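# Architecture and fold: a report
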Amino acid sequence: MVNRNLKRLYTFLIFAFLYAPIIILIIYSFNDSKFRGDWSGFTLRWYAELFRDREVIRVLYYTFAIAITSSIISTVLGTVAAIGIHGMRGITKKSVLNLNYLPVLNPDIVTAVALMALFRMARLQFGFITLLLAHITFSVPYVVLSILPKLKQMNVHLAEAAMDLGATPMYALRKVVIPEIMPGIITGGLLAFTLSIDDFVISFFTTGHGISNLSIYIYSMARKGINPTINALSTLMFISLVALLLIINNRSEKSKKIIQERR
Amino acid sequence: MKNKILIMLAMVLLLSVVATGCGGNEETINVYNWGDYIDPEVLDLFEEEYGVRVVYDTYATNEDLYVKMKQGGSSYDVVIPSDYMIERMIREDLLMEINMDNISMFEKIDDRFLNLDYDPDNSYSVPYMWGTVGIIYNTTMVDRPLTSWGDLWDEEFEGEIIMLNSQRDTLAVALKKLGYSMNTRDIGELEEARDELISQKPIVYAYLGDEVKDVIVGGEAAIAVVWSGDAMAMMDENPDLEYVIPSEGTNLWFDAMVIPANAQNPEAAEQFIDFMTRPEIAAMNADYIGYSSPVPEAVEMLDEEIQNSPVAYPSEEMLENTEVFKDPQDIISEYDRIWTEITSAQ
């Protein structure tokens, strides 16, 4: 009995630790004061200001434009790369896998400065394109790593069986291999998406004028203090994320049911 | 499946086209400013009036701005650095001279804020905001009026004092307390200031950055060194607070608009600077930001309460002993060393 209560307490503490900051942030997005730690009444004015502030809206637009584009491109690249790596053997496979690990282990700042130097050498105009290229670069290894286990789990003979039955290699890839590893592809894509939204260091060094993402924008407020509209924005982002998660869960529950009924 | 992939690809293409701003050959200027340091409406007004699109970006410190300008890769038309950084940029030929004949509003600026040390002939910069550094304290927690930097060394206030986590500003406090110039180039004086700050450490609550506002407004500590603009915002929130410019004198700081040497569109940049100096616009910005405007006509448009506030607009006598920061140039590494010794001292 004591044991069970202890377990509950432990779980509660862990979740409190994880979610307390977000809850505080949500509460303070309704605070009438510009300062934290000082509650001076309920207001919705930060939400109203958020939608009137063209800079916040623009920054949000770039954040999502970069996140969506870079996650789609890096998912495609990563899927192709993972299938290729899976087909390799021996020392080649080992070295390519390690080459894929390196950018994951490399500190962000090294990647950032290296990319900056590269773009400068290529005489690229810093801006949307450089930022996008940088985000694709750091996302691809993660996508590869989230797809490889799915490929390992897959029955090796599945694709061969499909081809024995007359499927062309391309058809087998599309109809057999891709659906089998779909969960891995989706995980990889979502990972790339969140990594892109999250990133500050690499974005800071590889962006040019007019293009900032949310983290650069928030960082630049350091001198005057974070404007509470950012609390409002974070609240909205958190809520939409929760909604998205609920919808996805709901759908996968449904599809599970359908499969069971069919059986 | 095929269709889905095609749709996705089309989306990607569309997004990148839209995002790279293929909005025709519209004239644009690139403005780089401190975060949250303009009334966003001002940008719309400028675009409407001049038909020039403003591509706007923000930075957090003078040093970030400096790195971006040195690194190249992107060019800005208007940036807003602080005094000592303008001095450094002029010395390193990073700025373009502004033709003040094109800034019709230039004469609206208070003479006190022109031809200062960082730009002696006032040929590179047009002031945007200014302010002082002083002491804010909570009158319910401190039982006597504070008047000098020396008060920050009074053991009576043990655990109540917050210093700024900012190299120049905090060294300036100690230098001024000792009666030296905050622009001293004498290493001995700087080391004396260092010892003074280390001796103060046992009674200091913390060295803080922006969080100082939350701590003071919330009453967690009683005394802090702050910028005047922040002091205004804090006093608005907590009426028990009082701001004082210490008798030994303090730092008078400026953020001014300049045009980088590699600007793509200097004409529109001059239009923008002119626009920002227009009294109605300067008043909008001063009202939004809460810092002090160098345009007297703009000040007259603000609330009476702010106009008459000795915090935002102190009298001439109060500003008598003030100094503007100069770039330390070659001894900057000495500053870094001394600051490290202060922050690492127990």
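Residues numbered from 1 in each chain as written. Chains lettered and ligands numbered in written order. Predicted model: local features only at pLDDT ≥ 70, side-chain atom pairs only at ≥ 80, totals over all residues.

Right, let's talk about helix 4 (residues 90–105) of chain A for a bit. Taking 1.5 Å per residue as the helical rise, helix 4 of chain A with its 16 residues ought to reach 22 Å, and the 23 Å between its terminal C-alpha atoms agrees with that figure. The element helix 4 of chain A is barely covered by neighbouring structure, given that only 0 of its 16 residues are classed as buried. (Helix = DSSP H or I, 4+ residues; strand = E, 2+ residues; numbered from the N terminus. Expected span 1.5 Å × (residues − 1). Buried ≥ 20, exposed ≤ 12 C-beta atoms within 10 Å, placed from the backbone.)

Taken together, the contact between chain B and chain A spans 32 residues of the former and 34 residues of the latter. Elements with a minimum of two residues in the side of chain B that touches chain A: helix 1 (2–19), strand 1 (28–34), helix 2 (40–50), strand 2 (53–59), helix 7 (212–217) and helix 8 (228–237) of chain B. Residue classes in the side of chain B that touches chain A are distributed as 17 nonpolar, 8 polar and 7 charged. (Contact = placed C-beta atoms within 7 Å. Nonpolar A, V, L, I, M, F, W, Y, C, P; charged D, E, K, R; others polar.)

For the rest of this paragraph, the subject is the nonpolar core. In this structure, B:Val78, B:Ile136 and B:Ile223 are the most contacted members of the largest nonpolar core, which totals 97 residues. The element contributing the most residues to this core is strand 5 (residues 125–138) of chain B, with 8 residues. Residues from two domains meet in this core; each of domain 1 (2–128 + 254–311) and domain 2 (131–251 + 321–344) of chain B gives at least three. What B:Val78 contacts, discounting residues up to four positions off in sequence, is B:Ile29, B:Val31, B:Met257, B:Ile259, B:Ala269, B:Phe272 and B:Ile273. Of all hydrophobic cores here, the second largest spans 41 residues; its members include A:Phe128, A:Leu132, A:Ala134 and A:Ile136. (Core = buried A, V, L, I, M, F, W, Y, C linked by C-beta atoms within 7 Å. Domains from an automatic or database assignment.)

Residues and elements named next belong to chain B. As far as domains go, chain B holds domain 1 (2–128 + 254–311) and domain 2 (131–251 + 321–344). Contact with domain 1, which involves 14 residues of that partner, is made by 12 residues of domain 2. With 4 residues, helix 4 (residues 83–91) is the largest single contributor of residues to the side of domain 1 that touches domain 2. Per-class residue counts for the side of domain 1 that touches domain 2 are 7 nonpolar, 3 polar and 4 charged.

Here we come to the confidence of the model for chain B. All names here are of chain B. Looking at chain B as a whole, its pLDDT mean stands at 89, while 92% of the residues score no less than 70. For residues 19–23, every residue scores under 50 in pLDDT, and the model assigns this stretch 6 contacts once sequence neighbours within four places are set aside. Two summary scores accompany this predicted model of the complex, namely pTM at 0.81 and ipTM at 0.72. (pLDDT = per-residue confidence, 0-100.)

Residues and elements named next belong to chain B. Within strand 2, 5 of the 7 residues are buried, leaving the element largely enclosed by the surrounding structure. Two elements, strand 1 and strand 2, share 7 bridges in a ladder whose sense is parallel. When the sheet's bridge partners are listed, Asn-30 is paired in strand 2 with Val-55. Crossover handedness for the path strand 1 to helix 2 to strand 2: right-handed. (Pairing = 2+ DSSP bridges. Right-handed = clockwise from strand over helix to strand, strands pointing away.)

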